[in-house]
Amino acid sequence: EITVEAYALTDTGRVRNMNQDYIYSSPERVGTLPNLFLVADGMGGHRAGDYASRYTVENLVVYLHGQTQGSPVMQLKTGIREVNERLYEESRRREELKGMGCTLVAAVAEADTLYVANVGDSRLYLISGGAIRQITRDHSYVEEMVAMGRMDRGSEYYNSHKNIITRAMGIERAVEADFFEAELHPGDYFLLCSDGLTNMVDDETICRIVTGGGSLKDKAARLIGEANRQGGVDNIAVVLVRPEEGGGAVC
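Source: prediction; values computed, not measured.

Enquirer: Describe the nonpolar core, with residues and values.
Expert: Nonpolar side chains in soluble globular proteins tend to end up buried together. With 29 residues, the main nonpolar core has Leu36, Leu38, Leu64, Ile80 and Met169 as its most contacted residues. Elements represented by at least two residues in this core include exactly strand S3 (36-43), helix H1 (48-65), helix H2 (72-93), strand S5 (104-110) and strand S6 (113-119). Discounting residues that sit within four places of it in the chain, Leu38 has contacts with Tyr22, Ile23, Tyr24, Val57, Leu60, Val61, Leu104, Val105, Ala106, Leu192 and Val239.

Enquirer: Please give an account of the environment of Leu126 that cites residues and values.
Expert: Structurally, the position occupied by Leu126 is in strand S7 (residues 123-128). Taking relative accessible area as the criterion, Leu126 reaches 3% and is therefore assigned buried. Sequence separation of Leu126 and Tyr51 is 75 residues, and the distance between their C-alpha atoms is 29 Å. Residue contacts for Leu126: discarding those within four places in its chain leaves Ala131, Ile132, Arg133, Ile135, Ala182, Glu183, Leu184, Asp188, Tyr189 and Phe190.

Enquirer: Go over H2, please, and point to the residues and values.
Expert: With 22 residues, H2 ought to run about 32 Å at 1.5 Å a step, and its terminal C-alpha atoms sit 31 Å apart, in line with that. Those residues of H2 not exposed but buried are Pro72, Gln75, Leu76, Gly79, Ile80, Val83, Asn84, Leu87, Tyr88, Glu90 and Ser91. For H2, the elements touching its buried residues are S3, H1, S5, S6 and strand S9 (178-183).

About the criteria used
- Residues numbered from 1 in each chain as written.
- Predicted model: local features only at pLDDT ≥ 70, side-chain atom pairs only at ≥ 80, totals over all residues.
- Heavy atoms only, no water.
- Core = buried A, V, L, I, M, F, W, Y, C linked by side-chain atoms within 4.5 Å.
- Buried < 20%, exposed > 50% of the residue type's maximum accessible area, 1.4 Å probe, protein only.
- Helix = DSSP H or I, 4+ residues; strand = E, 2+ residues; numbered from the N terminus.
- Contact = heavy atoms within 4.5 Å.
- Expected span 1.5 Å × (residues − 1).

As structure tokens, this is what we get:
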């Protein structure tokens, strides 16, 4: 049996006047899932991005609460497909929501395995043994170019085009999430976050903050504070989770 401790925090940042990031964090059971963590980053004018991220998270949670069987991956896969289709229909029905969409990263920790689903460029990191590793792969124009060997990560062109995402919830009737699995060990952390964090704060700094002193709440606040110190040009969302073994906390 795995128990998890989590702290979730989101911030508008220093430039935007509205927060279109939406988060969900349940260390407790959701339906048959032992826990559930979600981050969505909205896109679209006016309130559309805000609507898309909130709709996606809330409806996925409702869907998963209603499930009575199936592996975490199966439940996430069918839930994401269903919610995406409903979000797409909503955008076609209402003029003010036209073209809305959002990223989504979802995680469930079961026993010693972390199950992750990803659409877009919000990320999940695993921090283990003092090292940080990005588990998800961004669905972004620049990352696809890097994968084909046609662009250098971190180049000027990369940095100026990394906001173009190639997959999102609500943009088309059908969407495919990518799925990842990672092994969990006592003392590990995992972090779900929007690009408002990762565009401002490098992986090494994230790792240093997460493995440093203080509670999960302190660390989440420090991550957001660092993103704002570096400019805070976008909304910032962080969900920081520490799995523990059933017998009590292991550090």
